[in-house]
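Breakdown of the fold
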Amino acid sequence: MPPRILHLDIDGFLASVEQILDPALKGRPVAVGSGVVASRSYEAKARGVETAMSMLEARRRCPELVVRDGDAQVVERFRQRVAEVLGDFVPVVEVCSLDDMYGDLRGLVELRQPRGAVELAERIRSAVRQVTGLSVSQGIGSSRTLARMATCHAKPGGILEVPVGEEMNFLDSHAVEDLPGVGRRSAELLHALRLHKVSDLRRVERELLRQTFGKRGEDLFWRARGFDAGLGAEPREPEVAATVPSQSISRETSFEASDCRDFLFGMLAYLLDRAATELRGRELLAKRVSLRLRFVDGMSREQQRSLTQASDRTDELQELARSLCLRLLDERRVLVRLLGVSLGTLLPRVGAQGELFAAEEERRGGLFAALDRVRGRHGFGKLVLGNANELLGRLPNGDQGFRLRTPSLSK
Amino acid sequence: MKILCDRQQLQEAFSVVSGIAPLKTPKPIIQNVLLKAEGDSLSFFATDMEMSAKVTIDSVKVSKPGMALLPARETNALLRELSDPTLSIETKEFRSTLESGGGSFVLVGDDPDLFPKESSLKKGQTICIEAGRFIDMVSKTSFSAAREETRYAINGLLLDSAGGCLRLVATDGRRLALRYENLDGEVPELRVVVPNRAFQALGRIVTDDDTDELEILASENQIAFKIGQRTLISQLLENRFPDYEQVIPKAADSTIEINKAILEKNLRRVAVLSSGDVRMVRFNFTESSLELSAESAGVGRADLNMEVETKGAGGAISFNPDYLLDALKVAEHEVVRVDMSDEATPAKFTLGEAYTYVLMPISGS
């Protein structure tokens, strides 16, 4: 059976959530973020406000812009509800980033009808609107790459299917920067090589792409043919969810610029605790910890390190993250305005290396399992762990944890 | 200070000691080696504040006794390049001039009086063992010590002596290597944890064919290794070493005897296709055969059969192949014995008369 992938993107997610929570904002230009625009409503877009634009510039273009901080926990609940609705229609769902997810349509009876997939997407769209009030755009294709590109044309609120056999024609109508994974820098480089359209890119030999772009070149080679490919890998049958585990679990937030180490380490402890809790909830182990800081002068620094043995224990991951943070802070004595932590190289907990001195390990592992149970029952914020104590009194705290300024619940 | 001596002898002594001097330190003076000339001998001393090494050489012509500090890295590199049989060093105002084969090299040191003093070991317990035998024990165990400090396991080796038996034990929490030697004469009771680094440094001072006697002297918080005119002193780790005897299986459901060389070769082949993230090879034992298999999602699969002798029920168990290969590489017996039960119980590998390796399987595979 040929693969059929549906890609769903929530339109202006963070801003839409604000409009749903506060009906007075309906029809008004809304932006969410601090410092930079993380999300904006379509009304704001019509006035020239773009994502990643500085808030200053956004206000200049649209003086009546309503700016909100956003609430990570509320946003997460909305996202979960959208994923649940999608899960009612398709067998496997993979939540991909803050506002988009994939569904695997393979094996669905609807596909036997000529317009079956589109009709299914229409039903998903109205169910999402009914349950959450959110508007979604959807794309359908034979790979993630094609489904994702189709979604871009369907925005806002539309549906586009790339029919079987039409893939090449669809791709050829696109510029190279429309391919997923081609950022501004790659696009500039491709244009400099006089490669403007996807069809131009397809004419370049695989080896040449590899030599020019390294492993990403392989990726470009396959994407230009409508396939998905892991970095440097042969194209795979597009598979969703269960077989394609997410690559990392990250938490990050911005805050009032600070160089107070107690506060920064407190924030790090809190974000890592949240990421590690999700890690355990998904029965995964992480091998790599990365840390990102953004300073007031706009510079960013990132550090990562691996454990010799993957772990899901907050204390072990914390220790590594702390040492990375210390190194970054010592490197640059500038106020910090954003901190992000990411757990990578995720492995399933089954097939885990056993411990010789298990009694001791279990005692510690058991502590975190008990912690997760208590939080599951009474709310994440009911228990504040270690250094995160430093945030008490500095940030608003509720049952669901501290209220952070900019939510980022990425993959 | 002014001396004349055999260049090669000096170079060997210097390179042994200079390995202790740290490359990076907030205290730059310890990046030097202290030379002290008196009588007809010359001693070399270096420290990183946790560990120190001292080597003395004789038959040196000392024209003017005294001390000098020489930068460890540069002097070592320079000595390696020289080829004349003799070498003279003259130090004035912290500047040392090395002359050999018509060349003259000036090295700027520091004030020897500011250099940390040699620590002397307060009275402790002494164990004597042939140096080569001890180094062999180290090479059979130290690879199992933990490399991270975050885990419960520690990056040191346990030196445990009791009842005339000296044991060296290392573990990273997933595997454990134990090698022992029975010693003649009276052996004091001792149980100390020595940092792995100290053994690496000892490996530079002693070679495994060294038949000289190694004197191990342990006090409450320091340990000294003395062989002839070479001494290494290290701080001890304060960690509590886990109760290792409790994890060495006393009984097993199955016992298998396998030719070491064949197992090593086959395991290496199969391990190629064990995936990069979770390194795992499955061992499937029947009465007369062992099947090794590994799989790497999206890459391929390996299956390999070999003849073995199994006593007991047989069964299946998975291991990280790297952990096992590390041990097979240094195994002493040609036929190794495996005692195993199930995937929740450690397996015991008998790799030599006095050499045991315990490995925890991978569960839930």
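Residues numbered from 1 in each chain as written. Chains lettered and ligands numbered in written order. Predicted model: local features only at pLDDT ≥ 70, side-chain atom pairs only at ≥ 80, totals over all residues. Heavy atoms only, no water.

A few words now on the overall build of chain A. Counting secondary structure elements, chain A contains 14 helices and 14 strands. Sorting the 411 residues of chain A into buried and exposed places 52% on the buried side. Within chain A, contacts between residues at least 6 apart in sequence are counted, and of these 63% link residues at least 24 apart. Accessible surface computed for chain A: about 18900 Å², of which carbon and sulfur atoms make up 50%. (Helix = DSSP H or I, 4+ residues; strand = E, 2+ residues; numbered from the N terminus. Buried < 20%, exposed > 50% of the residue type's maximum accessible area, 1.4 Å probe, protein only. Contact = heavy atoms within 4.5 Å. Areas by Shrake-Rupley, 256 points an atom, 1.4 Å probe, with all protein chains shown as cover.)

Residue and element names in this part refer to chain B. Along strand E12 (residues 165-171), six of the seven residues are buried, which leaves the element largely enclosed by surrounding structure. Relative to E12, strand E11 (residues 156-162) is paired through five bridges, and the arrangement is antiparallel. Counted as the bridge partner of Leu-158 is Val-169 from E12. Here E11 folds back onto E12, and the loop between the two strands holds two residues, one of which, Gly-163, carries a positive phi near 55 degrees. (Pairing = 2+ DSSP bridges.)

Looking now at the sheet that holds strand E7 (residues 86-92) of chain B. Residues and elements named next belong to chain B. An order of E5-E1-E7-E8-E9 is seen for the five strands of this open sheet, with the pairing classed as antiparallel. Here the strands that pair on one side only, and so sit at the sheet edges, are strand E5 (61-64) and strand E9 (103-108). Here the average twist between neighbouring strands, direction ignored, is 20 degrees. Where strand E1 (residues 2-6) meets E5, three bridges bridge the pair, whose relative direction is antiparallel. Across the sheet, residue Ile-3 finds its bridge partner in E5, namely Val-62. (Axes fitted to C-alpha atoms, helices over the stretch in contact; angles between N-to-C directions.)

All names here are of chain B. Relative orientation of the contacting elements helix H1 (residues 7-18) and helix H2 (residues 72-81) amounts to 145 degrees, with a least axis distance of 10 Å. Between H1 and H2 the crossing geometry is left-handed. Residues Arg-7, Leu-10, Gln-11, Phe-14, Ser-15 and Ser-18 of H1 pack against Ala-72, Thr-75, Asn-76, Leu-79 and Arg-80 of H2. (Left-handed = near helix turned anticlockwise from the far one by under 90°.)

Judged by nonpolar contacts, the single largest core of 64 residues is most densely connected at Ile-3, Leu-10, Phe-44, Phe-134, Leu-159 and Phe-199 of chain B. Each of domain 1 (2-114) and domain 2 (125-246) of chain B contributes no fewer than three residues to this core. Not counting chain neighbours up to four residues away, the residues in contact with Phe-44 of chain B comprise Leu-10, Ala-13, Phe-14, Val-17, Val-33, Leu-34, Leu-35, Ala-53, Lys-54, Val-55 and Ile-57 of chain B. Phe-255, Phe-265, Leu-329 and Leu-343 of chain A belong to the second-largest nonpolar core, a separate cluster that totals 39 residues. (Core = buried A, V, L, I, M, F, W, Y, C linked by side-chain atoms within 4.5 Å. Domains from an automatic or database assignment.)

Let's shift gears to unusual backbone geometry. In most cases, non-glycine residues show a negative phi, while peptide bonds are predominantly trans. Geometrically, the link from Lys-155 of chain A to Pro-156 of chain A is a cis peptide bond, its omega value of -10 degrees lying close to zero. With respect to the helices and strands, Pro-156 of chain A occurs in the loop between helix H6 (144-154) and strand E8 (159-161). The residue Met-49 of chain B is not glycine, and still its phi comes out positive at about 80 degrees. Checked against the element boundaries, Met-49 of chain B lands in the loop between strand E3 (41-47) and strand E4 (51-57). One non-glycine residue with positive phi stands out, namely Glu-93 of chain B, at about 50 degrees. Within the secondary structure, Glu-93 of chain B is located in the loop between E7 and strand E8 (95-100).

Let us look at the side chain of Arg-337 of chain A. Residues and elements named next belong to chain A. Along the chain, Arg-337 falls in strand E12 (residues 336-348). Of the side chains with opposite charge, Asp-297 comes closest to the buried, unpaired Arg-337, at an N-O distance of 8.8 Å. Once residues within four sequence positions are removed from consideration, Arg-337 is found in contact with Ser-34, Gly-35, Thr-253, Ser-254, Phe-255, Ala-257, Arg-294, Phe-295 and Val-296. (Lys, Arg positive; Asp, Glu negative; His and termini not counted. Salt bridge = Lys/Arg side-chain N within 4 Å of Asp/Glu carboxyl O.)

A word on the pattern of salt bridges. Within the structure shown, the criterion is met by 51 salt bridges over all chains. Among the ionic pairs, Glu-94 of chain A bridges to Arg-144 of chain A, the shortest N-O distance being 2.5 Å. Within this pair, whereas Glu-94 of chain A is found in strand E5 (residues 92-95), its partner Arg-144 of chain A is found in helix H6, the two being separated by 50 residues in sequence. Of the two residues examined, Glu-94 of chain A and Arg-144 of chain A, each falls in the buried class. Salt-bridge contacts for Arg-174 of chain B lead to Glu-355 of chain A; the nearest nitrogen and oxygen are separated by 3.7 Å. Here Arg-174 of chain B, found in the loop between E12 and strand E13 (175-182), pairs with Glu-355 of chain A, found in the loop between E12 and helix H14 (358-378), and the two come from separate chains. Look at Arg-174 of chain B and you get buried, because its relative accessible area is 4%.

Another aspect to go through is the environment of Gly-156 of chain B. Residue and element names in this part refer to chain B. Tracing the sequence through the fold places Gly-156 in strand E11. Given a relative accessible area of 0%, Gly-156 falls into the buried group. Taking the C-alpha atoms as reference, Gly-156 lies 8.8 Å from Asn-239; in sequence the two are 83 residues apart. Among residues more than four places away in sequence, those in contact with Gly-156 are Ala-145, Val-193, Val-194, Pro-195, Asn-196, Leu-237 and Phe-241.

Moving on, we come to the side chain of Ser-342 of chain A. Residues and elements named next belong to chain A. For Ser-342, the location among the structural elements is in strand E12. Given a relative accessible area of 15%, Ser-342 falls into the buried group. Every residue in contact with Ser-342, bar those within four places of it in the chain, is listed here: Ser-248, Ile-249, Ser-250, Arg-288, Val-289 and Ser-290.

Overall, the coordinates contain 16 aromatic pairs over all chains when judged by the stated rule. When the ring of Tyr-270 of chain A is compared with that of Phe-380 of chain A, the centres are 6.1 Å apart and the planes differ by 80 degrees; the resulting orientation is edge-to-face. On the criterion of sequence distance, the pair formed by Tyr-270 of chain A in helix H12 (residues 261-281) and Phe-380 of chain A in the loop between H14 and strand E13 (397-398) is long-range, its members being 110 residues apart. Of the two residues, Tyr-270 of chain A and Phe-380 of chain A, neither departs from the other in class, the shared state being buried. Among the aromatic residues, ring-to-ring pairing joins Phe-143, Phe-283, Phe-285, Phe-319, Phe-349 and Tyr-357 of chain B into one connected group. In this structure, Arg-332 of chain A packs its charged tip against the face of Phe-295 of chain A, placed 4.8 Å from the ring centre. Directly above the ring of Phe-380 of chain A sits Arg-375 of chain A, whose terminal nitrogen or CZ lies 3.9 Å from the centroid. (Phe/Tyr/Trp six-rings, centres within 6.5 Å; stacked < 30°, edge-to-face > 60°. Lys NZ or Arg CZ within 6 Å of the ring centre and 35° of its normal.)

With that settled, the discussion passes to the packing of helix H1 (residues 13-21) of chain A against helix H4 (residues 72-89) of chain A. All names here are of chain A. Relative to each other, H1 and H4 sit at 100 degrees, their axes nearing to 10 Å. Relative to H4, the element H1 lies roughly perpendicular. Residue-level contacts link Phe-13, Leu-14, Val-17, Ile-20 and Leu-21 of H1 to Val-74, Val-75, Phe-78 and Arg-79 of H4. Partitioned by chemical class, the residues of the contact of H1 with H4 number eight nonpolar, no polar and one charged. (Parallel < 35°, antiparallel > 145°, perpendicular 65-115°, else oblique. Nonpolar A, V, L, I, M, F, W, Y, C, P; charged D, E, K, R; others polar.)

Low pLDDT marks stretches whose predicted atomic positions should not be read closely. All names here are of chain A. Here chain A shows a mean pLDDT of 83. Residues at 70 or above account for 91%. Confidence drops under a pLDDT of 50 for residues 231-235, and excluding neighbours within four residues, the segment shows 14 contacts in the predicted structure. Every residue in residues 238-245 scores below 50 in pLDDT, and together they form 26 contacts with partners more than four places removed in sequence or on other chains. (pLDDT = per-residue confidence, 0-100.)

The next point concerns the sheet that holds strand E19 (residues 281-285) of chain B. All names here are of chain B. Within the open sheet, the four strands sit side by side as E21-E20-E19-E23. Their pairing is antiparallel. The open sheet has two edge strands with one neighbour each: strand E21 (300-307) and strand E23 (315-319). Averaged over all pairs of adjacent strands, the angle between their axes in this sheet comes to 20 degrees, without regard to strand direction. Alignment of E19 against E23, held across five bridges, turns out to be antiparallel. Note that in E23 the partner of Phe-285 across the bridge is Gly-315.

Take the confidence of the model for chain B next. Here chain B averages 90 in pLDDT, while 97% of its residues score no lower than 70. The least confident element of chain B, judged by mean pLDDT, is strand E22 (residues 309-312) of chain B at 88; the most confident is strand E26 (residues 355-359) of chain B at 96.

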